[in-house]
Amino acid sequence: MIRVMQIGYGYWGNNVAKKLVASNLLELVALVETDEQKRARAKSQLPGEIEILSSYEEMLASPKIDAVVICTQTEYSFEIAMAAMEHGKHIFIEKPVAKNVELARRLITKADEKNLILHCDHLMVYNPVIRYIKRMIDSGEIGDIMYIDISRINLGPIRKDINALLDLAVHDIAVIDYFMDGLTPNELSAYGTKFFGKQETITYLTMKCGDVLININSSWVSPVKTRRMVVAGTKKMLVFDDVKMDDKLTIYDSGIDVVQGNVYGEYEFSTRVGDIHMPHINFEDSLQNSLEHFAGCVEAGKTSQSGPEQCLRVMKVLEWAQESLQNNRQ
Ligand SMILES: NC(=O)c1ccc[n+]([C@@H]2O[C@H](COP(=O)([O-])OP(=O)(O)OC[C@H]3O[C@@H](n4cnc5c(N)ncnc54)[C@H](O)[C@@H]3O)[C@@H](O)[C@H]2O)c1
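Let us now look at the pairing of strand S1 (residues 2–7). Residues in a regular strand point their side chains to alternate faces of the sheet. Across the six residues of S1, five count as buried, placing the element largely inside the fold. Once the chain exits S1 it traverses helix H1 (residues 11–22) before rejoining the sheet at strand S2 (residues 26–32), and the crossover so formed is right-handed. Note: S1 against strand S4 (residues 67–70), four bridges, orientation parallel. Looking at the pairing, Met5 lines up with Val68 of S4.

What follows covers the site of the ligand. Residues in close proximity to the ligand total 24 residues, the closest being Trp12, Glu33, Lys38, Lys95 and Arg159. Here an oxygen atom of the ligand sits 3.0 Å away from a polar atom, N or O, in the main chain of Tyr11. Lys38 places a side-chain nitrogen or oxygen 2.8 Å from an oxygen atom of the ligand. Relative to its free-state accessible area of 860 Å², the ligand is covered by the protein chains to the extent of 87%. Breaking the shell around the ligand down by element, the ones donating at least two residues are H1, helix H4 (74–86) and helix H7 (164–179). Grouping the constituent residues of the shell around the ligand by class yields nine nonpolar, eight polar and seven charged. There are two domains that each give the shell around the ligand at least three residues, and those are domain 1 (2–120) and domain 2 (125–287 + 315–329).

On to the sheet that holds S4, then. One open sheet accounts for six strands, arranged S3-S2-S1-S4-S5-S6; its pairing is parallel. Each having just a single partner strand, strand S3 (51–53) and strand S6 (118–120) make up the two edges of the open sheet. On average, adjacent strands in this sheet sit at an angle of 25° to one another, irrespective of strand direction. Sheet topology note: the S2/S3 ladder contains three bridges and is parallel. By the bridge assignment, Leu31 is partnered in S3 with Ile52. Contacts from H4 reach S1, S4 and strand S5 (90–93), with the element oriented near 165° to S5.

Let us now look at H4. Spanning 13 residues, H4 covers 19 Å between terminal C-alpha atoms, matching the ideal 18 Å at 1.5 Å per step. Close packing links the buried residues of H4 with S1, helix H3 (57–60), S4, S5 and helix H5 (101–113). Looking one or two places after H4, you find Gly88, whose phi comes out positive at around 75°.

Examined at the domain level, the protein breaks down into domain 1 (2–120) and domain 2 (125–287 + 315–329). The gap between the C-alpha centroids of domain 1 and domain 2 is 30 Å. Contacts between domain 1 and domain 2 engage 20 residues on the former and 13 residues on the latter. Interface area for domain 1 against domain 2, summed over the two sides, is near 1,300 Å², with a carbon-plus-sulfur share of 68%.

Thresholds applied
- Residues numbered from 1 in each chain as written.
- Predicted model: local features only at pLDDT ≥ 70, side-chain atom pairs only at ≥ 80, totals over all residues.
- Heavy atoms only, no water.
- Buried < 20%, exposed > 50% of the residue type's maximum accessible area, 1.4 Å probe, protein only.
- Helix = DSSP H or I, 4+ residues; strand = E, 2+ residues; numbered from the N terminus.
- Right-handed = clockwise from strand over helix to strand, strands pointing away.
- Pairing = 2+ DSSP bridges.
- Near = heavy atom within 4 Å.
- Polar contact = N/O pair within 3.5 Å; in protein donor to acceptor, adjacent residues only side chain to side chain.
- Areas by Shrake-Rupley, 256 points an atom, 1.4 Å probe, with all protein chains shown as cover.
- Nonpolar A, V, L, I, M, F, W, Y, C, P; charged D, E, K, R; others polar.
- Domains from an automatic or database assignment.
- Axes fitted to C-alpha atoms, helices over the stretch in contact; angles between N-to-C directions.
- Contact = heavy atoms within 4.5 Å.
- Expected span 1.5 Å × (residues − 1).
- Buried area = accessible area lost by both parts, 1.4 Å probe.

Here it is, written out as structure tokens:
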């Protein structure tokens, strides 16, 4: 068992703590929360043997814990991760890994120097439907990817420390990075708008990676919750609707066929509408998978799938997108 201290028991920390309590690989030894009411809630909701603390400094130095799970707002997570690694603790950090590439690099360098596991919770990479799509891409079943179109929109929560791009598009960028064995776009443009507070509440990010066109729509101001991804390949196309309870993935054997025309050298294009298939994919909890992947990496001393290399690529795309947002604002 890997003994962990969790820091932050807000909206998301609540879910993480539940998974930790249920885990056979990780043991929640201590939980830290600065807010008194949330500490009281943690005491009433979590098993009695878990220490509930208001600060993490003392426990960081303790041999009672092997790893730290950081569920604070992004603005605080860097400092905590650096302090924890200084004390030789492995890191599970909520997304985004940091606010910018420079801070991400510093975390990565520290993890490397101290020989520690750094895992960012890009949890969609551990989603069973995403894994299924990845197998389809790798086997060539859907052909060459032409475009990927993603909507991750909902009403709130409005964050104060990061914008919708860093909060939401980070998931989709990590997934596309996973699909493509590394996302390094050659063109990128982002637009955003702020209506409430200082951060962009809605962002549109468009990228080109080779011939693949990618569009990511992220919003905290939508009347409906949408978690929808279209992956269009030259052979098959698919739609992943993560809001649906069942049958989240629909595969369309549809596309455009190119055929020789009547005149030599001229081509005709005909639409092909074939079967529609909804594969049965067993439910797995992405957060639990992400936590267990982290535990496996700590046990085996191996690099996480959403570890330093992916974190850096994802942060580079996000930083470029942030620059584009700034430029397009002027
Ligand atoms: N992986 C996902 O799908 C997912 C989903 C939602 C949120 N998140 C991430 O989780 C993190 C937290 O988001 P949230 O919505 O729970 O935010 P939140 O504001 O609800 O909770 C953060 C909590 O951290 C506490 N905190 C801050 N500094 C602290 C410190 N030094 N010591 C102890 N506690 C401290 C705050 O008091 C607060 O309760 C963010 O990084 C967010 O991006 C991830």
